[in-house]
Amino acid sequence: MEQAPTVTETSAEVNTAESAEKSTTVAVPETAKRKNDESDEPEASGRGKRRRGAGGKKLRSGERYVPPPQKRNPGVSFSQEHFDETSYYFEGGLRKVYPYYFDFKTYCKGRWVGKSLLDVFKSEFRTESVEYYQKAAKEGRIRLNEAPLEDLSVVLRNNDYMRNTVHRHEPPVVGTHLEVLVDDGEVLVVDKPASIPVHPCGRFRHNTIIFILGKERGISELHTVHRLDRLTSGVLLFARTLEISKKLDQMVRDRQLEKEYVCRVEGEFPEAEVICEEPILVVSFKIGLCRVDPKGKECRTVFQRLSFNGKTSVVRCLPLTGRTHQIRVHLQYLGFPILNDPIYGSSAWGPNRGKGGFVGKSNEELLQALVEEHRSQESIHLLDITDDCTGLTQEAEKCKTSEKIKSDEASEHVRSGESCPTKVDSCRADDKLENTETVNYNSTSAKESPNSLPTASNGNQTEATHSAEKTPPGSQDHLCSECKLVRPDPTKKELLMYLHALRYKGPDFEYSTRLPDWAKEDWAEAD
C-alpha cells in the first residue's frame, strides 16, 4: 500500500510526448499569478527605475530579465479543460487516444545554468534531433519566460521558465469497461483492468483510471488510498472525502487493512504455506526495478497454492508489509516468477532468473541487461521508459549511490505490496525535463460534470474508423516524428500480467472482485 504524498511534479519534459504526470491533481495553471503581481512594473524612486522582480537591482546593459518563480497552488486539479484535450476511440478491443497538443513546462535546473538551451537539448534530451528543436523554435513552440524563443543559443539563468508545445501520442490500453464496484459517497472502489495506470505517468495521461473516471463518469475529488502497477488488475480504492482519506490512512499506519492478491506463476508451487521474509532494495526508480538484498527494507509475504494445472500454479498472496513490487520480487526469489512478468521473469537476471537472490551481476549490469533485452525484442515500452533510453546509462551509474540514500523513501506503513514506487521517476518516461506543476496525490478538486461523456465507453464501446470525419483536428502534425511511424498494436500478452488484487479488507468493510478467468482451475493459456 502506498500512500500518495503531496509532491512537486517531476515527470514531464520540455521535450517529447512521452512525458509523465503523476496522480490526481495538477496545479500552476497558465493564468497563475506570480508571487509579485507587480513584478513587471517599474518601481519609481529618485534613484531611477528598477525591476522589483530583479531583486531591486538595475539590469545592466544587455542583461536579460528573468521573472521570479510562479506561486504554486496545489489546490488546482485536473478539470474539464484537461479532460477535453482529446477524446477516446475504440479499435480492435483497445482503448485509444487521438494525438493532441500538450505543453510541457519546467524551471531551469541548477546544472543548466550558464549553458545554452541548445547545449541542454544536445546533451540531455536526445529523443528528438537538434533540427527538430530548431524548427519547433521557429514555429513558436518553445517559449522562455512565456516569450517565443527562436534562438536556442540563449544562455540559461536561474529561474528561467521554459515551455515546449509537443504533439503527444499515448499508447493504447485494453478497451475493457471500467467497473465501479462501490460508490457510497465515502469511498469509490473500481475493478481496475490490467494495462491502465492509476494516474498520469510516463506516456500515459488520458489512458489512466483518473482521467477515464473524469472524462466518462464525471467523477473527481478523489483521494488516492493506494495504487496498483499498470499491468496489475483488481480492487482499487479511493476516498471520496478528506475525512475518510485520513481515516483510511490511519488504518494503514495501524496495519488494520488486509490485502489479498492472486497470481499465476511458472512451475509447480509448493502445496504447503510459504513465507518469504527477504529484504527488498530498490535498484532503479525509473522503471521500479527491485531485488532481494541484505541492504534492503524488511518485508514479509505469505503464499498459499490454490491450484496447479501441470505447467503453472495459481497462488494466493498476502503481503504483510508494503514494499515496491514485493509480491513479484519474492516470487522471483522463490523461483516461481509471475507468468508474463516483463521485469522479474526476464532472462536478464541470468539462467535461474534471480532464484535464491543469485544474479551474478551488479545493479548497473542488471539494469543495462534488462533494457537491452527489451530493446532487442522491441518491447522497451513494457518498462515504461522511452525507446531512446539514454538516461538509463546515467541511472545505472547512480545505482550504488541510490542504494545508500533513501532507496525506499516511503515507510512501509503507507504502501501496499504491489503499489507503484513512491518516486515519480518510476512511472515517468526517460530523458524528460521536469515539470513544475505541483501535484497533490491525495485528492482531485475538479468539479463533477455529469455531462462529460465524450465517447460511448461505459460498456457500449463502438469500433471507430480512421475516417476524416471521425479524426479530430490536431491528430496529425508535420513536425511530429511519432506521426511518421506506424506502430503495431500491443498484443494481449503485452497488456496483461497475471497478478490481481482480489480483496481489500478493513475493520468494518471488505471490497473484492470476481476471480479472474486466468486464476480458475480449468484455465489453459492460449497458444
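Higher on the page you've got the structure.
Let me sum up the structure you'll find in this document.

What counts and how
Residues numbered from 1 in each chain as written. Predicted model: local features only at pLDDT ≥ 70, side-chain atom pairs only at ≥ 80, totals over all residues. Heavy atoms only, no water. Pairing = 2+ DSSP bridges. Helix = DSSP H or I, 4+ residues; strand = E, 2+ residues; numbered from the N terminus. Salt bridge = Lys/Arg side-chain N within 4 Å of Asp/Glu carboxyl O. Buried < 20%, exposed > 50% of the residue type's maximum accessible area, 1.4 Å probe, protein only. Phe/Tyr/Trp six-rings, centres within 6.5 Å; stacked < 30°, edge-to-face > 60°. Lys NZ or Arg CZ within 6 Å of the ring centre and 35° of its normal.

Some points on the sheet that holds strand β10 (residues 173-174)
Sheet architecture is open: three strands sit in the order β4-β5-β10, paired in antiparallel fashion. Each having just a single partner strand, β4 (88-91) and β10 make up the two edges of the open sheet. By the bridge criterion, two bridges tie strand β5 (residues 94-97) to β10 in an arrangement that is antiparallel. Residue pairing for β10: R95 is matched across the bridge by V173.

Brief notes about the pattern of salt bridges
Within the structure shown, the criterion is met by 27 salt bridges. R205 is the salt-bridge partner of E85, the closest N and O atoms lying 2.8 Å from each other. Of this pair, E85 sits in the loop between α1 (80-83) and β4 while R205 is found in the loop between β12 (187-192) and α4 (209-217), placing the two residues 120 residues apart along the sequence. R514 is paired through a salt bridge with E179; the nearest N and O atoms lie 3.4 Å apart. Taken together, the positions of R514 in the segment after β23 (509-512) and E179 in strand β11 (residues 179-183) put the pair 335 residues apart, joining distant regions of the chain. Overall, R514 belongs to the exposed group, its relative accessible area being 61%. For E179, a relative accessible area of 25% gives the class partly exposed. What you see here is one network of salt bridges that share partners, running through E258, E260, R316, R503 and E510.

Some words on the packing of aromatic side chains
Given two aromatic rings, one states the distance between the centres and the angle between the planes to describe the pair. Applying the stated criterion across every chain, the model contains 16 aromatic pairs. Considering the side-chain rings of F509 and Y511, the 5.1 Å spacing of their centres and the 25° angle between planes classify their relative orientation as stacked. Note on Y511: relative accessible area 13%, which makes it buried. Just above the ring of Y88 sits the side chain of R95; from NZ or CZ to the centre is 4.7 Å. Its end group placed over the ring of F102, R168 keeps NZ or CZ at 4.7 Å from the ring centre.

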